[in-house]
Every structure is written in C-alpha cells, then in structure tokens.
Amino acid sequence: MEKPLKSIVEIMDPPPYHWVGDGFRVHNFFPSQPQIGLQGMSPFFLMDYGAKWVVPPSDKPRGVGVHPHRGIETVTLAYHGKVAHHDSTGKSGVIGEGDVQWMTAGGAVLHKEYHEKEFSKKGGLFQMVQLWVNLPAKFKMTQAGYQAIENQMMGKYVSDDQKCKADIIAGEYKGIKGPAMTFSPVNLFNIKLASGSATDFSFPESYNSGILLVEGEVMINRSKKISENQFIHFGHSGEEIIAEATKDSILLVMSGEPLNEPIAPYGPFVMNTQDEIKKAYDDYYNGEFGYLED
Ligand code: MN
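Just so we're clear, the structure is a prediction, and the values are computed from it rather than from any experiment.

A word on the side chain of Thr104. Structurally, the position occupied by Thr104 is in strand E9 (residues 100-104). If sequence neighbours within four positions are ignored, Thr104 has contacts with Ile72, Glu73, Leu135, Thr142, Gln143, Ala144, Gly145 and Phe183.

Turning our eyes to something else, we now look at the sheet that holds strand E7 (residues 83-87). If you trace the four strands from one edge of the open sheet to the other, you get E5-E10-E7-E8, paired in antiparallel fashion. Two strands close off the open sheet at either side, each with one partner strand: strand E5 (63-69) and strand E8 (92-95). On average, each strand axis in the sheet is inclined to that of its neighbour by 15 degrees, with strand direction left out of account. Looking at chain direction, E7 and E8 are connected through four bridges and run antiparallel.

In this chain, Phe30 is followed by Pro31 through a cis amide linkage whose omega measures 10 degrees. Relative to the helices and strands, Pro31 resides in the loop between strand E3 (24-30) and strand E4 (44-55). In the segment running from Ser42 into Pro43, the intervening peptide bond is cis, with an omega of 15 degrees. Inspection of the secondary structure puts Pro43 in the loop between E3 and E4. In this structure, Lys174 takes a positive phi of about 50 degrees despite not being glycine. Considering the arrangement of structural elements, one finds Lys174 in the loop between strand E15 (172-173) and strand E16 (176-177).

This next bit is on the pairing of E5. Along any regular strand, the residues point their side chains to alternate faces of the sheet. Within E5, five of the seven residues are buried, which leaves it mostly tucked inside the rest of the structure. Sheet analysis places E5 next to strand E10 (residues 109-115), joined by five bridges and oriented antiparallel. Among the inter-strand pairings, Gly63 is bridged to a residue of E10, identified as Tyr114.

Below, the discussion takes up the nonpolar core. Trp102, Phe231 and Met254 are the most contacted members of the largest nonpolar core, which has 30 residues in total. Element by element, the count of residues in this core is highest for E4, at four residues. With sequence-adjacent residues up to four places away left out, Phe231 is seen in contact with Glu10, Ile11, Met12, Phe29, Phe30, Ile36, Met41, Met47, Gly210, Ile211, Leu212 and Met254. Cys164, Phe189, Phe201 and Leu213 belong to the second-largest nonpolar core, a separate cluster that totals 22 residues.

Cut-offs and rules
Residues numbered from 1 in each chain as written. Predicted model: local features only at pLDDT ≥ 70, side-chain atom pairs only at ≥ 80, totals over all residues. Heavy atoms only, no water. Helix = DSSP H or I, 4+ residues; strand = E, 2+ residues; numbered from the N terminus. Contact = heavy atoms within 4.5 Å. Pairing = 2+ DSSP bridges. Axes fitted to C-alpha atoms, helices over the stretch in contact; angles between N-to-C directions. Buried < 20%, exposed > 50% of the residue type's maximum accessible area, 1.4 Å probe, protein only. Core = buried A, V, L, I, M, F, W, Y, C linked by side-chain atoms within 4.5 Å.

Keep in mind these numbers describe shape, not what the thing actually does.
This is how it looks when you write it as structure tokens:
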C-alpha cells in the first residue's frame, strides 16, 4: 500500500538574483525568503541557486576571493560550466558538470571560488547550486575537511527502462547510498527523469524536504506542477513523494533531520549564540583561520 503523500507547503519562484563576488549570479531561496527563514529547511541553512546564464569570455576568471567560514559545510554542485576551489587546508579542485564539492568548514577555513581558467577564457553556459549545511553544535569546531565527489563516485541508480537515472550524493535513494560523509542525517541526490516517466521516494515526516527543479517540468504528488528554476517546499505530514516528468527533467532533491538547536548566523559564520559569532570574528581578525594566497 502506498504511504500517505507528503504535504506541500509552497512552490517558490526564484527571488531576484544578487552577485557573490563577480562570478556567481545567484537566487537565494533561503534563508532570505521569510517563508523558509533560518530554520525551515534545517539542517540546510542556505541555498544559492545560480540559474542558467551565459558567462562572457574573460581572461581574468570571475569569482569570489579569499573569505572565511565557520560552523557549516558548503556543498557546491555544478550543472554547467566549471568552478575551481582552493582552501587554507591546502586542498584544491575543479568541479565540472555533474560533480560536487563538499567542504567542511568546521572551526576554521579560508577559501576562494572562481570560474575555472579555461572555462573562463571561452565563457559559456553556467549553472550551479551552493548549499550550506549547518553543523550540529557539537561538531561546529571540528577539523576542516574537503570531499571531492566526482560524478563517477556517486551512488548510481538506473531504472529498468533507463528513463530514471539518479546520482546519489548523500543519504539513500532506492537502497543506493551516496558517498558523502555528513554530521547529521542528510539526503541529497540528482534525479534525471525522461519526459513521460515517473519516480517515487519517501522521507520521514520529521525531516525538512524540498526539490529544486534544475531543468524541465514535473508534476508532484499528482497535484502540483513545478517548472524549471522553482523550488517546492514540503511540509511535515506524509512521507511519500511522487514525481512525474512532463518534460526531460533534472530534480535536485534534498531532505534532512532538523537540528533543533538555536541558530546565530552572521556573514560567513553560522553558530548557536551571538557570543560564538563574536569569537569567530575575533579569531578571524587574529589570524587564527590560517592563510590562503589571494
Ligand atoms: Mn564560501
């Protein structure tokens, strides 16, 4: 028997974009939009969506220079174009179409994010997502870390008729697990659905869940149609989600157990109290976040 369908709170259009540095033209679905706010998608704290745009060629790669983070993980997903990353732990990498970079800021990290050099020279179609996953209080000051999750390392699901293909980044879909190590229960995967095909999956009622439609058009739970660049935010009753594609589609599906802890965000830091925010700034200005060349 089918489980009760998950309730739908709202379908959101992308808010007007803003720039992060000079390279990332992003629509912030949360926390800036009051209907989700600081806690409505916990443990996900932030979602910046770089909808498709064509980057003009540039000899100087566009991007965002050295900046700190504490208390979160930043998860960057590339759909079109390439992003290069360097951080103060000495890690660096390039993510291209279908790849993900999962950086644990923990207690202290400095990083910079730019369009990759060759991509930058040629320019072209660019589309990406950056999520900030909040860390539970007991892990906020954990060691910084970096997981380069190339597409081929992801959990792979393919339906018998080949019309549904999923890349599982974290958590589980259809019994297939993703490689990302997380500090609280998180599901994150991309589902590619051919027009006319469908899939279903379920998450616990207590989890916060949503789908960003990266491409296409999908009917959710036989009742609500979502279009490219929209985000559907689910409620806490029911578990089952049914997605039926009316065009070839890519769904970024996210769900996680809420942290249920106080939250004090400021700039690049997400802590539990204002005192911890002040300490983060003190530590940063005292040079305790290490060094990274600009
Ligand atoms: Mn950053």
